[in-house]
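# Structural features, examined
These are the residues of each chain, in order.
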Amino acid sequence: MAEQAPLALEELLERFQKGDVRALARALTLVESGHPLGQALLKALRGQGRAKVVGVTGSPGAGKSTLTDRLILEARKRGERVGVLAVDPSSPFTGGAILGDRIRMMRHHQDPGVYIRSLASRGALGGLAGATVAALSLLEAFGFQRIFVETVGVGQSEVDIARVADTTLLVLTPAAGDAVQAFKAGVMEIADLFAVNKFDLPGGERIIQELKSALELAPPRPGGWRPPIYPTVAATGEGVEALFEGLEAHHQHLLAHGLLEGHRLERARFEVESVIQEWGRRRTQDAKEVVAQVAQGLLSPEEAALRLLKAEKRPL
């Protein structure tokens, strides 16, 4: 078995670099499952390629998938190869993605310039799967020029997307209280652009005024960027071209002010933290005795954590 692993890695790497989509799918599966072969692939491929990474976030029902579908069309009009990572809620039974990519953005499945993949959030509080950054690295190495990351849409804790994406798009709707919820959640502070989707519904102008008022009080952004607001109707495509141009303008702003490298470092930091959190979750699940001692007041949580750290012999 020890001799077969390098051969398997070499073969998969060769197929991946030749543009074999099945090799990409296999690599993503290995990485998401935490398989050692996936980690070896990542080490070999990381840093190859540079994509424009756009995070699409917002409350459930805001129309994120439909809007992303339209943005894919705009990117393809410009000749860009597009990757999509759709982070779905996890099944409580299998741990896999509930929605899956087969019911999303179906029109693009026959387009070789578009690749859509669902990732299970596996309970990640920030609305992102722990393997999201690793998957991004693989899609970049495969040659995709723009990658959309659509998050679960869990509300208040969904701010990790700003640590992963170069550009964060917050999608709101004129539904009552949507803007207020965004203010309370702190998501306002991480959005680089706003889309008021379903603008044909009553209340569209009101939510835009609320957003403008809130942004006037917000602290200055890096490089002096002022988040623009775009009214859209994703179902018909209205306003989507202007929104796409806004995404491109923000990317050019990042380039002009030398901010992209900082985004890359933050993305790597998020990935390392995700690995540590997953390690801690697994260790505490297996350490029933130690957890019981915390519940009984015999150990503090800090003492229990240190004990588990010392008990771990393998490198992270």
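In what follows, the structure referred to is the one given above.
Attention here is on the structure that accompanies the text.

Definitions and cut-offs
Residues numbered from 1 in each chain as written. Predicted model: local features only at pLDDT ≥ 70, side-chain atom pairs only at ≥ 80, totals over all residues. Heavy atoms only, no water. Helix = DSSP H or I, 4+ residues; strand = E, 2+ residues; numbered from the N terminus. Buried < 20%, exposed > 50% of the residue type's maximum accessible area, 1.4 Å probe, protein only. Contact = heavy atoms within 4.5 Å. Areas by Shrake-Rupley, 256 points an atom, 1.4 Å probe, with all protein chains shown as cover. Phe/Tyr/Trp six-rings, centres within 6.5 Å; stacked < 30°, edge-to-face > 60°. Pairing = 2+ DSSP bridges. 1 Å grid on protein atoms, 1.4 Å probe; cavity = no way out; pocket = protein on both sides within 12 Å on 5 of 7 lines; lining within 4 Å. Points joined across faces, edges and corners; volume = space filled by probe spheres on them. Core = buried A, V, L, I, M, F, W, Y, C linked by side-chain atoms within 4.5 Å. Axes fitted to C-alpha atoms, helices over the stretch in contact; angles between N-to-C directions. Parallel < 35°, antiparallel > 145°, perpendicular 65-115°, else oblique. Nonpolar A, V, L, I, M, F, W, Y, C, P; charged D, E, K, R; others polar. Arc of directions from axis to C-beta.

This brings us to the overall build of the protein chain. Helix and strand counts for the protein chain come out as twelve helices and seven strands. Each of the 316 residues in the protein chain was classed as buried or not, and the buried ones make up 47%. Long-range contacts, defined here as pairs at least 24 residues apart, represent 75% of the contacts in the protein chain between residues at least 6 apart. A total of about 16200 Å² of accessible surface is found on the protein chain, and carbon and sulfur atoms cover 57% of it.

The full count for this structure, using the stated rule, is three aromatic pairs. Between Phe-16 and Phe-142, the ring centres sit 5.1 Å apart and the planes meet at 75°, which makes this aromatic pair edge-to-face. Placement of Phe-16 in helix α1 (residues 4-17) and of Phe-142 in the loop between α5 (132-141) and β4 (146-150) is noted, with a sequence separation of 126 residues between them. Of the two residues, Phe-16 and Phe-142, neither departs from the other in class, the shared state being buried.

Looking now at the pairing of strand β1 (residues 52-58). Among the seven residues of β1, seven are classified as buried, and the element is accordingly described as predominantly covered. Judged by which residues are buried, β1 turns out to be covered on both faces: Lys-52, Val-54, Val-56 and Gly-58 on one side and Val-53, Gly-55 and Thr-57 on the other are all buried. Here five bridges tie β1 to β4, and the two strands are oriented parallel to one another. Bridging across to β4, Gly-55 finds its partner in Val-149. With five bridges connecting them, β1 and strand β5 (residues 167-172) associate as parallel partners. Counted as the bridge partner of Val-56 is Leu-169 from β5.

Let's shift gears to the layout of surface pockets. Any empty space left between atoms is shown by rolling a water-sized probe over those atoms. Here the second largest pocket is characterised by a volume of approximately 360 Å³. Lining the second largest pocket are 17 residues, and of these Ala-162, Ile-190, Asp-192, Pro-222 and His-263 sit closest to its centre. Listed by contribution, the elements that provide at least two residues to the lining of the second largest pocket are α6 (161-164), α9 (240-256) and α10 (260-286).

Next up on the list: the nonpolar core. Core analysis: the biggest nonpolar cluster contains 36 residues, and Phe-16, Leu-24, Leu-138 and Val-149 have the highest contact counts within it. Among the secondary structure elements, those contributing two or more residues to this core are α1, α2 (21-32), α3 (36-45), β2 (82-88), β3 (114-120), α5, β4 and α6. If you tally residues by element for this core, the top one is α5, at seven residues. In terms of nonpolar packing, the next biggest core, distinct from the first, is built from 22 residues, Ala-62, Ile-116, Val-171 and Leu-243 among them.

With that settled, the discussion passes to unusual backbone geometry. As a rule of thumb, non-glycine residues mostly have phi less than zero, and peptide bonds are mostly trans rather than cis. Although it is not a glycine, Lys-198 sits at a positive phi angle of roughly 55°. Secondary-structure assignment places Lys-198 in the loop between β6 (193-196) and α8 (204-217).

By the criterion of burial, β4 is predominantly enclosed, with five of the five residues buried. Burial along β4 is two-sided: Arg-146, Phe-148 and Glu-150 and Ile-147 and Val-149, pointing in opposite directions, are all buried.

Let us now look at the packing of helix α4 (residues 64-77) against α9. The N-to-C vectors of α4 and α9 enclose an angle of 70°; their axes lie 10 Å apart at closest approach. Between α4 and α9, the interaxial angle falls into the category roughly perpendicular. Counted together, Leu-67, Arg-70, Leu-71, Glu-74 and Ala-75 of α4 and Val-240, Glu-241, Leu-243, Phe-244 and Leu-247 of α9 form the full contact between these two elements. Residue composition of the contact of α4 with α9, by class: seven nonpolar, no polar and three charged.

For the rest of this paragraph, the subject is α3. For α3, the full list of buried residues reads Leu-37, Gly-38, Leu-41, Leu-42 and Leu-45. In an axial view of α3, the angular spread of the buried residues amounts to 145°, which keeps them on one side of the axis. Exposed residues lying more than 90 degrees from the buried face of α3 are Pro-36 and Lys-43. A positive phi of about 90° marks Gly-47, the residue just after α3.

Among the secondary structure elements, Glu-74 is positioned in helix α4. Those residues in contact with Glu-74 that sit more than four places away from it in its chain are Val-240, Glu-241 and Phe-244.

This is a description of form; function is not addressed.
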